[in-house]
Amino acid sequence: MLKSEVIDRIRLSKIIAVIRADSAEEALAIAKSSSAGGISIIELTYTTPSVDEVFKKLDSADTLVGAGTVLDVQTARNAILDGADFIVSPHFDSEIAKLCNRYSVLYMPGCMTIKEILHALEYDCSIIKLFPANAFEPSYIKAIKGPIPNVEVMPTGGINRDNINGWLDAGAFSVGIGSDLTKAYKKDGSNGVSKLARSYAEAIRGQR
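Residues numbered from 1 in each chain as written. Predicted model: local features only at pLDDT ≥ 70, side-chain atom pairs only at ≥ 80, totals over all residues. Heavy atoms only, no water.

Once that is clear, we can look at the overall build of the protein chain. Looking only at helices and strands, one finds nine helices and nine strands in the protein chain. Here the C-alpha atoms of the protein chain give a radius of gyration of 16 Å, agreeing with the 17 Å that 2.2 N^0.38 yields for 208 residues. Seen through its C-alpha atoms, the protein chain measures out along the principal axes to roughly 45 × 35 × 25 Å. Among the 208 residues that make up the protein chain, the fraction classed as buried is 51%. Contacts spanning at least 24 positions in sequence make up 56% of the contacts within the protein chain whose residues lie at least 6 apart. With 23 positive and 25 negative side-chain charges, the protein chain shows a spacing of 3 Å between the two charge centroids. (Helix = DSSP H or I, 4+ residues; strand = E, 2+ residues; numbered from the N terminus. Rg over C-alpha atoms; globule rule 2.2 N^0.38 Å. Buried < 20%, exposed > 50% of the residue type's maximum accessible area, 1.4 Å probe, protein only. Contact = heavy atoms within 4.5 Å. Lys, Arg positive; Asp, Glu negative; His and termini not counted. Charge placed at Lys NZ, Arg CZ, Asp CG, Glu CD.)

Next up, the structure:
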């Protein structure tokens, strides 16, 4: 998929399911249930054991699958070879940025400060991951866009049903949710994840 198409899909969806699981089997179950509930953009984190197996089993035209917690360029390359549609890091890495640009793959690095964001923009990272978002208020997006109006912000970390619309109202390009989905799976299995995903999808329907 073209990089521009990936960006458009994320823009329209407004929400990414960030899946951090104890096993590949658990990650696959949460991913499929999230998609069934209406969240069709999935970020599989590389803290999940054997996560490469999940990429191969989630090959679907209806689901956009990216790699998260990518800490180095070697992992980024492996993810792209496994079919990742986008790459996400908790930090900015210039070598990852160069690799992703080389292959026209969207790279969303984690940034917190104006200086970090400007550095990422120099490497064509037009969407940055504000992480951890629970260290900020939604109004921080306006503060970022004051001096840097051309950057898009995806808050991740601490996003929940109570504050998701506050972040989107403040101008978030998209948001990442994760721990809620894992908790729902631990408590009620796949049905719990699908139910929660539907509630998130319904909550942001007016934002689309």
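With that settled, the discussion passes to the packing of helix 2 (residues 24-36) against helix 9 (residues 179-203). Contact geometry of helix 2 with helix 9 gives a least axis separation of 7 Å together with a crossing angle of 25°. Here helix 2 lies roughly parallel to helix 9, going by the angle between them. In the packing of helix 2 onto helix 9, the handedness of the crossing is left-handed. For the pair helix 2 and helix 9, contact is made by Glu-26, Ala-29, Ile-30, Ser-33, Ser-34 and Ala-36 and by Leu-181, Thr-182, Tyr-185, Lys-186, Ser-190, Val-193, Ser-194 and Ala-197, respectively. (Axes fitted to C-alpha atoms, helices over the stretch in contact; angles between N-to-C directions. Parallel < 35°, antiparallel > 145°, perpendicular 65-115°, else oblique. Left-handed = near helix turned anticlockwise from the far one by under 90°.)

Moving on, we get to the packing of aromatic side chains. A full pass over the atoms with the stated rule returns four aromatic pairs. Considering the side-chain rings of Phe-92 and Tyr-107, the 6.4 Å spacing of their centres and the 35° angle between planes classify their relative orientation as tilted. Taken together, the residues span a long stretch of sequence, with Phe-92 in the loop between strand 4 (86-88) and helix 5 (94-102) and Tyr-107 in strand 5 (residues 106-108) at a distance of 15 residues. Residue Phe-92 is classed as buried on the basis of its relative accessible area of 17%. You can call Tyr-107 buried: its relative accessible area is 4%. With 5.3 Å between their ring centres and 55° between their planes, Phe-92 and Tyr-123 make a pair best called tilted. You can see Phe-92 sitting in the loop between strand 4 and helix 5 and its partner Tyr-123 sitting in the loop between helix 6 (114-121) and strand 7 (127-130), a full 31 residues away along the chain. Clustering of aromatic rings is evident, with ring pairs tying together Phe-92, Tyr-107 and Tyr-123. Seen from the ring of Phe-131, Lys-129 lies directly overhead, with NZ or CZ sitting 4.5 Å from the centre. (Phe/Tyr/Trp six-rings, centres within 6.5 Å; stacked < 30°, edge-to-face > 60°. Lys NZ or Arg CZ within 6 Å of the ring centre and 35° of its normal.)

This part takes up unusual backbone geometry. Cis peptide bonds are those with omega within 30 degrees of zero, and the linkage from Phe-131 to Pro-132 qualifies with -5°. Of note in the backbone geometry, Thr-69 takes a positive phi value of approximately 55° without being a glycine. Of note, the phi angle at Ser-104 is positive, near 55°, even though the residue is not glycine. Inspection of the secondary structure puts Ser-104 in the loop between helix 5 and strand 5. Judged by its relative accessible area of 45%, Ser-104 falls in the partly exposed class.

Right, let's get into empty space enclosed by the protein. Under the counting rule described, the total for this entry stands at one cavity of 30 Å³ or more. Taken as a whole, the largest cavity encloses approximately 30 Å³ of empty space. The element that contributes the greatest number of residues to the lining of the largest cavity is helix 5, accounting for three residues. Considering only residue class, the lining of the largest cavity consists of six nonpolar, one polar and two charged. (1 Å grid on protein atoms, 1.4 Å probe; cavity = no way out; pocket = protein on both sides within 12 Å on 5 of 7 lines; lining within 4 Å. Points joined across faces, edges and corners; volume = space filled by probe spheres on them. Nonpolar A, V, L, I, M, F, W, Y, C, P; charged D, E, K, R; others polar.)

Let's shift gears to the layout of surface pockets. In this structure, the largest pocket occupies an estimated 210 Å³ of space. In terms of lining residues, the largest pocket is bounded by 14 residues, among which Val-18, Thr-156, Gly-157, Gly-178 and Ser-179 are the most central. Mapped by element, the contributors of at least two residues to the lining of the largest pocket are strand 9 (175-177) and helix 9. Split by residue class, the lining of the largest pocket holds five nonpolar, seven polar and two charged.

Further remarks concern the pairing of strand 3 (residues 64-68). The buried fraction of strand 3 amounts to five of the five residues, a majority that puts the element mostly inside the structure. Neither face of strand 3 is left uncovered, since the one carrying Leu-64, Gly-66 and Gly-68 and the one carrying Val-65 and Ala-67 both have all their residues buried.

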